[in-house]
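Summary of structural features
Residues per chain, in single letters:
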Amino acid sequence: MMIIGIVLTVALNSVAAYWEKPLSDYFGVIGEGSTGDTSNYLFPSEFASEEERKTAQADLTEQIVAEGTVLLKNNGALPSTDAKKISLFGISSAGKIVSGSGSGAVSGEVKSLKESLIASGYEINETLYDFYANSTHSHGSGAAPGGGSAKGDWKIDEVPQSEYASEVFNSYASYNDAAIVVFSRKGGEGGDLPTEMSRFGGNAEDNYLSLSQEEKDLLRSIKDSGTFAKTLVII
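Residues numbered from 1 in each chain as written. Predicted model: local features only at pLDDT ≥ 70, side-chain atom pairs only at ≥ 80, totals over all residues. Heavy atoms only, no water.

This part covers the side chain of Asp-206. With respect to the helices and strands, Asp-206 occurs in the loop between β3 (178–182) and α7 (213–225). There is no salt bridge for the buried Asp-206, and the closest opposite charge comes from Lys-216, which lies 5.0 Å off by N-O distance. Setting aside residues up to four positions removed in sequence, Asp-206 forms contacts with Thr-195, Glu-196, Met-197 and Leu-211. (Helix = DSSP H or I, 4+ residues; strand = E, 2+ residues; numbered from the N terminus. Buried < 20%, exposed > 50% of the residue type's maximum accessible area, 1.4 Å probe, protein only. Lys, Arg positive; Asp, Glu negative; His and termini not counted. Salt bridge = Lys/Arg side-chain N within 4 Å of Asp/Glu carboxyl O. Contact = heavy atoms within 4.5 Å.)

And the structure:
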């Protein structure tokens, strides 16, 4: 019965695609992305203009982020009202990984963490930021997932400590109110996350969500520097 149902569904889809115009005229259409007469739309827009829609979308996105962010641990670092000069750490701090793949992808204008912090009145360590932005390393997001079998490049390519020049280390002192460390991962439909990382430059006992050795070394380096008043980790 299941096979018959699948075959019937495929056949009906083909027929519907062929007769799309008369079927749309009769049943109506969903109006997103369409132009012209909207009197027969089943789901007309509730917004008077495109600008109004974008504003509502931005407000909803901000609400989702606020309600969906989880504070895993706080040893007194938050709330942070006195931190003004900040150093952003991690290759992902210079990137924009804001969603998963497939249907979870986000479209439209997206501000970086640096842009958002500057807009909120913070001063950012430009030397450190440029170090990451100009790096040949990726953003640790796992590129080209496919097939549900963890194919593609899932290497967590955090910058190793051996590549940090003295100029970068020396820049910490002028932006030491807080160290904000960003670690990112990316997954979605069609790309199951690896359960072991030996194929992607990691350890067999680690999975894709585990911290890589380079990420652990980064956290240890920040702590050992004794430079920062507080350290915040965003995952």
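Now for the pairing of β3. Along a regular strand, successive side chains alternate from one face of the sheet to the other. Counting buried positions over the 5 residues of β3 gives 5, a clear majority of the element. Side chains of β3 alternate between two faces, with Ala-178, Ile-180 and Val-182 and Ala-179 and Val-181 buried alike. Note that β3 and strand β4 (residues 231–234) share 4 bridges and pair parallel. In the sheet register, Ala-179 faces β4, and the bridge partner there is Thr-231. (Pairing = 2+ DSSP bridges.)

With that settled, consider unusual backbone geometry. In this chain, Leu-78 is followed by Pro-79 through a cis amide linkage whose omega measures -5°. As for its position among the elements, Pro-79 is in the loop between α3 (50–68) and β1 (85–89).

Membership of the largest hydrophobic core comes to 27 residues, with the highest contact counts inside it found for Phe-89, Leu-128, Tyr-132, Tyr-164 and Leu-218. Secondary-structure elements contributing two or more residues to this core are β1, α5 (126–133), β3 and α7. The element best represented in this core is β3, accounting for 5 residues. (Core = buried A, V, L, I, M, F, W, Y, C linked by side-chain atoms within 4.5 Å.)

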